[in-house]
Amino acid sequence: MSRRKKFEGTVLRELRKKSGFTQEEWAQKVGLSRETISAIENNKPGTIEHLSMEVMRKMYEISSSRIDDAHKHSFMEKVICYFGF
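Residues numbered from 1 in each chain as written. Predicted model: local features only at pLDDT ≥ 70, side-chain atom pairs only at ≥ 80, totals over all residues. Heavy atoms only, no water.

### Examining the overall build of the protein
So, point 1. Within the protein, the regular secondary structure consists of 5 helices and 0 strands.
So, point 2. Tracing the protein from N to C terminus, the helices and strands come up as α-α-α-α-α.
So, point 3. Projecting the C-alpha coordinates of the protein onto the three principal axes gives extents of approximately 35 × 30 × 20 Å.
So, point 4. Buried positions account for 38% of the 85 residues belonging to the protein.
So, point 5. Within the protein, residue pairs in contact and separated by at least 24 positions form 70% of the contacts whose partners lie at least 6 positions apart.
So, point 6. When the accessible surface of the protein is summed, it comes to about 5,300 Å², and 52% of that surface belongs to carbon and sulfur atoms.
So, point 7. Of the side chains in the protein, 16 bear a positive and 12 a negative charge, and the two mean positions are spaced by 2 Å. (Helix = DSSP H or I, 4+ residues; strand = E, 2+ residues; numbered from the N terminus. Buried < 20%, exposed > 50% of the residue type's maximum accessible area, 1.4 Å probe, protein only. Contact = heavy atoms within 4.5 Å. Areas by Shrake-Rupley, 256 points an atom, 1.4 Å probe, with all protein chains shown as cover. Lys, Arg positive; Asp, Glu negative; His and termini not counted. Charge placed at Lys NZ, Arg CZ, Asp CG, Glu CD.)

Right, dumping it as structure tokens:
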């Protein structure tokens, strides 16, 4: 049984938007397609569940210099909860 809790794609959309990236820009920096970013943000079945911690780490690192501490903390809390740490 998985310890993962539900993780909404809207969390990643908010991170991307708060950091000022388009889906295309973020996709290129993270190494995914724009279509994959869109699917993740729109909670398409099977997308969030297949994201690795490494991909989420990349998303965070790319965005972290552009967001405030409150958003950094909120995002990290959700990731930690999702991965069951």
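### Comments concerning helix α1 (residues 9-18)
So, point 1. Residues G9, V11, L12, L15 and R16 constitute the buried set of α1. End-on, the buried residues of α1 take up no more than an arc of 155°, which puts them together on one face.
So, point 2. Once α1 ends, the next one or two residues include G20, with phi positive near 85°. (Arc of directions from axis to C-beta.)

### Notes on unusual backbone geometry
So, point 1. Its identity is not glycine, yet N43 carries a phi of approximately 55°, on the positive side.
So, point 2. Mapped onto the secondary structure, N43 falls in the loop between α3 (34-41) and α4 (53-64).

### Notes on the packing of aromatic side chains
Note on aromatic pairs: each is described by the distance of the centres and the angle between the planes.
So, point 1. Enumeration according to the criterion identifies 3 aromatic pairs in this entry.
So, point 2. When the ring of F7 is compared with that of Y82, the centres are 5.1 Å apart and the planes differ by 50°; the resulting orientation is tilted. With F7 in the segment before α1 and Y82 in helix α5 (residues 69-83), this residue pair connects regions lying 75 residues apart in the sequence.
So, point 3. For F7, a relative accessible area of 5% corresponds to the buried category.
So, point 4. Within the aromatic cluster, the residues linked to one another by ring pairs are F7, Y82 and F83. (Phe/Tyr/Trp six-rings, centres within 6.5 Å; stacked < 30°, edge-to-face > 60°.)

### As for the packing of α4 against α5
So, point 1. Packing of α4 against α5 brings their axes to within 12 Å, and their N-to-C directions diverge by 180°. The angle between α4 and α5 falls in the class roughly antiparallel. Two secondary-structure elements touch here, α4 through M53, M56, Y60 and S64 and α5 through K72, F75, M76, V79, Y82 and F83. (Axes fitted to C-alpha atoms, helices over the stretch in contact; angles between N-to-C directions. Parallel < 35°, antiparallel > 145°, perpendicular 65-115°, else oblique.)

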